[in-house]
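# Descriptive analysis of the structure
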Amino acid sequence: MMLYVDNFADDLKGVAKKIDYFIECGVNYVHLMPLLESPKEHSDGGYAVADFRKVQPELGTIDDLCALTDLCHKNNISCCLDFVMNHTSDEHAWAKAARSGDKDARSRYFFYDSWDIPNTYEQTVPQVFPTTAPGNFTKLDDNSIVMTTFYPYQWDLNYANPMVFNDMTENMLFLANAGLDVIRLDAVPYIWKELGTTCRNLPQVHTIVRLMRMICEIVCPSVLLLGEVVMEPSKVVPYFGTIDKPECNMLYNVTTMASTWNTIATRDVRLLDRQMKQLAELPKNYVFLNYLRCHDDIGWGLDYSWLNTLKMEEAPHKKYLNDYFTGKLAGSVSRGELYNDDPVLQDARLCGTTASLCGVESALWDKDDEALELALAADIMLHAYMFTQSGIPVIYSGDEVGQLNNYMYHADINKKFDSRYLHRGKFDWKLAEKRKDENSYQGKIFNALRKLETVRAKNDVFKANAEFHSAETGSDNVLGIYRKYAGQELLALFNFCSEKRSLKIDRNYTDLIKDRYITNKVIELRPYGFVWALLK
Ligand code: GLC
């Protein structure tokens, strides 16, 4: 599970007090969102770090962090924390020194006296936040110009300066000493800049990640590196490195995540099926973190060259997806908001919680019980699909009780320009209490997820190194996955449409969730239904 400390339980001590909730949820991995010191008004959700050795005072202290990681370990829970390595806050000591003219400090960043070089960069470097933070450079009060790929208050570090690498590596090891088991390398593809390039995924990035991996293996071999590589499909896998020269231990399965939401909007599983086929080809020691939602937006990084063969063009397709998920299209029950809507590139991304994107919010608003059942079915089916993939499934805190969008951020001066806060609301413990009531929607989602997790944990066929491939279903609405491990064979089916579907079968199966035999010769799938059928 990934969570914001303040949203979940106010501070680190509060999170420690909620350890029983983790246990109740069956959680054995907790990713704490950035919690190091960061200026309140200019924090990018904690991703603008002002001090890599200090916890944000409202959240606690390094000692609290150590106490929490200790407690988690005692309960067999691993902990992950972000290592924001591409940039520092403009309030970091190095940035402050650089601003006051210190030459050494300036050489830790990309400083220019005129726009000549920055403008040359701008010709080839795309923009990360075209609407909320256009451009890749920021002019300072003394007229010097500094590289700021993300927000203007996030100054890019220059890893060509070996002091940056040394000091940042020490900062990373400091986190390892605080008991973190997994270090999330934030925005890692961006860490090397070269004029005339996109400044993304350059070969030097891989060298640096490789060095960090070697350092971890020598100094703290139980610490794993999780790469945040939110890039088009072909750019992601190289971050695993090679067998001889491994880089990240784990990567986010971002393409599957985006393709999954694409499938909800199109009800057409062909793209996802293709994605499953591609994953099936990868070595089994590549560990993916699978997820439906996280703290960031959903970017539509899909395989457009393949979609073109189905006569789907990138710009109109993205528009269709965004219209669907913002509820603009007739029949759409989703309630999302656009993120960084770039009118030039027509490349808006999307925000919203799983439940709101699946239609729970609109059904509750309309008091439509039938629509609510469909929305819950879609929400649960998506989780079941996530649990079927090989790797580590990560729940975004709140999703386990169907938490809805948080519209309060519109009224917060520091947040209202960043729609990612739509799905970064406070965890509502009062509503979460309803998980104990089987008839509440919270209870329905929570219990369904618990069941999925228990069944998944009990059956080896879900192990990451199981054989898996996509299974033919005869319907473009139904995705099929076949898994095999140590004598167990599983056929998993997911109906991505709001009508019933059925599949003829010629072998006998057990429905793992309902714990009963599938006796007739067909598997019936209800609207947005799924089945985990284990071969008898
Ligand atoms: C990563 C984070 C994102 C943040 C960015 C800049 O992509 O996931 O939330 O805005 O890095 O640090």
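## A word on the overall build of the protein chain
Scanning the protein chain for helices and strands turns up 19 helices and 25 strands. In summary, the protein chain has a C-alpha radius of gyration of 23 Å against a globular reference of 24 Å for 536 residues, a match within 12%. Overall, the C-alpha framework of the protein chain stretches about 75 × 50 × 50 Å when taken along its three principal axes. For the protein chain, the accessible surface area stands at approximately 22,700 Å², while carbon and sulfur atoms represent 52% of it.

## Remarks on the environment of G529
By secondary structure assignment, the location of G529 is in the loop between β24 (522-525) and β25 (530-535). Judged by relative accessible area, which is 5%, G529 ranks as buried. Separated by 189 residues in sequence, G529 and N340 place their C-alpha atoms 33 Å apart. Other than its neighbours up to four places away in sequence, G529 contacts M381, L493, F494 and N495.

## Some thoughts on the site of the ligand
If you check the shell around the ligand, you find 14 residues, and the closest are D44, D186, E228, H295 and D296. R184 is positioned with one of its side-chain polar atoms (N or O) 3.1 Å from an oxygen atom of the ligand. D296 has a polar side-chain atom sitting 2.4 Å from an oxygen atom of the ligand. Contact with the protein chains removes 95% of the 310 Å² of surface that the ligand exposes when unbound. According to the grid-proximity analysis, the pocket containing the ligand is the largest pocket. For the shell around the ligand, a count of residues per class yields 4 nonpolar, 3 polar and 7 charged.

## As for the nonpolar core
If you look at the biggest cluster of nonpolar residues, it comprises 166 residues, and the most contacted ones within it are W261, F494 and W532. Ranked by residues supplied to this core, first place goes to helix α17 (residues 369-388) with 12 residues. Among the nonpolar cores identified, the runner-up in size contains 14 residues, and L503, I505, Y509 and I523 belong to it.

## Examining the pairing of strand β11 (residues 182-185)
Along any regular strand the residues' side chains alternate between the sheet's two faces. Burial of β11 is two-sided: the residues V182 and R184 facing one way and the residues I183 and L185 facing the other way are all buried. Taken together, the 4 bridges between strand β5 (residues 78-83) and β11 define a ladder with parallel strand orientation. The residue of β11 that forms the bridge with L81 is I183. Note: β11 against strand β12 (residues 224-227), 4 bridges, orientation parallel. Bridge pairing in β12 links R184 to L226. In this region the chain leaves β11, passes through helix α9 (residues 203-219) and returns to the parallel neighbour β12; the handedness of that crossover is right-handed.

## Description of the sheet that holds β12
Ordered in space as β1-β2-β5-β11-β12-β13-β14-β17, the 8 strands form an open sheet in which the pairing is parallel. Looking along the sheet, the strands with just one partner apiece sit at the ends: β1 (2-3) and β17 (392-394). Two elements, strand β14 (residues 287-291) and β17, share 3 bridges in a ladder whose sense is parallel. Residue pairing in the sheet places Y291 in a bridge with V394 of β17.

## A closer look at the sheet that holds strand β8 (residues 137-139)
Consider a sheet: its strands pair through backbone hydrogen bonds, and that pairing is either parallel or antiparallel. Within the open sheet, the 3 strands sit side by side as β7-β9-β8. Their pairing is antiparallel. This sheet does not close on itself; its edge strands, each paired only once, are β7 (111-112) and β8. Here β8 runs beside strand β9 (residues 145-147); their pairing, made up of 3 bridges, is antiparallel. Directly across from T138, in β9, lies its bridge partner V146.

## Observations regarding a nonpolar patch on the surface
Judged by side-chain polarity, L211, M214, I218 and V219 come together as a nonpolar surface patch covering roughly 370 Å² of accessible area. Mapped onto the elements, L211 comes out in helix α9. With relative accessibility at 34%, the residue L211 sits in the partly exposed group.

## Thoughts on the environment of Q127
Residue placement: Q127 occurs in the loop between α7 (116-122) and β8. By relative accessible area, Q127 is classed as partly exposed at 38%. In the structure, Q127 is positioned 71 residues away from T198 in sequence and 9.7 Å away in space, judged by C-alpha atoms. Excluding residues within four positions of it along the chain, Q127 makes contact with P134, G135, N136 and R200. Of note is the side chain of Q127, whose polar atom sits 2.7 Å from the backbone nitrogen of G135.

## Quick look at unusual backbone geometry
Its identity as a non-glycine residue notwithstanding, A187 has a phi of 50 degrees, on the positive side. As for its placement among the helices and strands, A187 is situated in the loop between β11 and α9.

## As for the pattern of salt bridges
Here the structure, examined in full by the defined rule, presents 34 salt bridges. Salt-bridge contacts for R184 lead to D82; the nearest nitrogen and oxygen are separated by 2.3 Å. Of this pair, R184 sits in strand β11 while D82 sits in strand β5, and the two are 102 residues apart along the sequence. The pair formed by R184 and D82 is uniform in burial state, with each residue classed as buried. R184 is paired through a salt bridge with D186; the nearest N and O atoms lie 3.0 Å apart. Residue R184 shares its accessibility class with D186, and that shared class is buried. The network of salt bridges with common partners includes D44, D296, D418, R420 and R424.

## Quick word on the layout of surface pockets
The space that makes up the largest pocket amounts to roughly 1,300 Å³. In terms of lining, the largest pocket is formed by 50 residues, of which the most central are V128, Y190, V230, M231 and R349. Contributions of two or more residues to the lining of the largest pocket are made by α11 (254-266) and α14 (314-325). It is α11 that provides the largest number of residues to the lining of the largest pocket, a total of 4 residues. Across the lining of the largest pocket, the residue classes tally to 24 nonpolar, 10 polar and 16 charged. Lining the second largest pocket are 34 residues, and of these K40, S43, G45, K415 and Y421 sit closest to its centre. Looking at the lining of the second largest pocket, the element that brings in the most residues is helix α1 (residues 5-9), giving 3 residues. Taken together, the residues of the lining of the second largest pocket break down into 14 nonpolar, 9 polar and 11 charged.

Reading the values: the criteria
Residues numbered from 1 in each chain as written. Predicted model: local features only at pLDDT ≥ 70, side-chain atom pairs only at ≥ 80, totals over all residues. Heavy atoms only, no water. Helix = DSSP H or I, 4+ residues; strand = E, 2+ residues; numbered from the N terminus. Rg over C-alpha atoms; globule rule 2.2 N^0.38 Å. Areas by Shrake-Rupley, 256 points an atom, 1.4 Å probe, with all protein chains shown as cover. Buried < 20%, exposed > 50% of the residue type's maximum accessible area, 1.4 Å probe, protein only. Contact = heavy atoms within 4.5 Å. Near = heavy atom within 4 Å. Polar contact = N/O pair within 3.5 Å; in protein donor to acceptor, adjacent residues only side chain to side chain. 1 Å grid on protein atoms, 1.4 Å probe; cavity = no way out; pocket = protein on both sides within 12 Å on 5 of 7 lines; lining within 4 Å. Sits in = over half its atoms within 2 Å of the grid points. Nonpolar A, V, L, I, M, F, W, Y, C, P; charged D, E, K, R; others polar. Core = buried A, V, L, I, M, F, W, Y, C linked by side-chain atoms within 4.5 Å. Pairing = 2+ DSSP bridges. Right-handed = clockwise from strand over helix to strand, strands pointing away. Patch = residues over 30% accessible without salt bridge, like charges linked within 9 Å, V, L, I, M, F, W, Y side chains within 5 Å. Salt bridge = Lys/Arg side-chain N within 4 Å of Asp/Glu carboxyl O. Points joined across faces, edges and corners; volume = space filled by probe spheres on them.

Keep in mind these values describe shape, not function.
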